[in-house]
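An overview of the molecular structure
These are the residues of each chain, in order.
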Amino acid sequence: MNELEELKAWCESVGYKIYPDHLTSKENMCKWIACKRLTGALECETNKHKIQLVISPYMYFHNDANHLGCSVDITGERGGHWYKLQAYSLAATELKDSINTIEQRLIDAWNAL
């Protein structure tokens, strides 16, 4: 199993659903995102349902090697404005070790808007 397959399996094992990433660049070898609806977070005012946490992995080939990283974000509307709150440039191991902390910090920031 390669790094992307391992990350995808981990995301599914901790409650994320996998979807095609239709917005990624051609250079990104990862063509999926992982999403999870959040409890404890205020709703998006436009979508009127629980906000979701999105893990967006990316893998690029550079200098004869694959480079894997991830960003994690909450995107939605609060108070008539759209926001994207994000943690980025995370290694896969860092994401796995820190996802609970990252999730809580993003929820706290979202709820403070």
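Going by the structure above, here's the rest.
Everything in this summary refers to the structure shown in the same document. (Residues numbered from 1 in each chain as written. Predicted model: local features only at pLDDT ≥ 70, side-chain atom pairs only at ≥ 80, totals over all residues. Heavy atoms only, no water.)

1. Description of the packing of aromatic side chains
- Applying the stated criterion across every chain yields a total of 1 aromatic pair.
- Taken together, a centroid distance of 6.1 Å and an interplanar angle of 40° make the contact between Tyr58 and Tyr60 tilted. (Phe/Tyr/Trp six-rings, centres within 6.5 Å; stacked < 30°, edge-to-face > 60°.)

2. What about the side chain of Asp73?
- Along the polypeptide, Asp73 turns up in strand β4 (residues 65-78).
- In this structure the side chain of Asp73 is engaged in a polar contact, spanning 2.8 Å, whose partner is the side chain of Thr75.
- For Asp73, the residues in contact, after removing those within four places along its chain, are Gln52, Leu53, Val54, Ser56, Lys84, Leu85, Gln86 and Leu106. (Helix = DSSP H or I, 4+ residues; strand = E, 2+ residues; numbered from the N terminus. Polar contact = N/O pair within 3.5 Å; in protein donor to acceptor, adjacent residues only side chain to side chain. Contact = heavy atoms within 4.5 Å.)

3. Overview of helix α2 (residues 92-112)
- For α2, built from 21 residues, the straight-helix expectation of 30 Å at 1.5 Å per residue is met to within 8% by its first-to-last C-alpha distance of 28 Å.
- Remark: the principal bend of α2, roughly 70°, maps to Ser98.
- What α2 keeps buried is the set Ala92, Leu95, Ile99, Ile102, Glu103, Leu106, Ile107 and Trp110.
- At its buried positions, α2 is contacted by α1 (3-13), β2 (32-37), β3 (52-62), β4 and β5 (81-90). (Expected span 1.5 Å × (residues − 1). Bend = angle between axes of the 7 residues up to and from the residue. Buried < 20%, exposed > 50% of the residue type's maximum accessible area, 1.4 Å probe, protein only.)

4. Quick notes on the sheet that holds β2
- Strand order in the open sheet made by the 5 strands is β1-β2-β3-β4-β5, with antiparallel pairing throughout. Looking at which strands have only one partner, the edges of the open sheet turn out to be β1 (17-20) and β5. For this sheet, the mean angle separating the axes of adjacent strands, direction not counted, is 25°.
- For β1 and β2, the ladder comprises 4 bridges, and the chain directions are antiparallel. Opposite Ile18, over in β2, you have Ala34 as the bridge partner.
- Its contacts with the sheet place α1 against β1, β2, β3 and β4, and it is angled at close to 175° to β3. (Pairing = 2+ DSSP bridges. Axes fitted to C-alpha atoms, helices over the stretch in contact; angles between N-to-C directions.)

Functional significance is not addressed by these values, which are geometric in nature.
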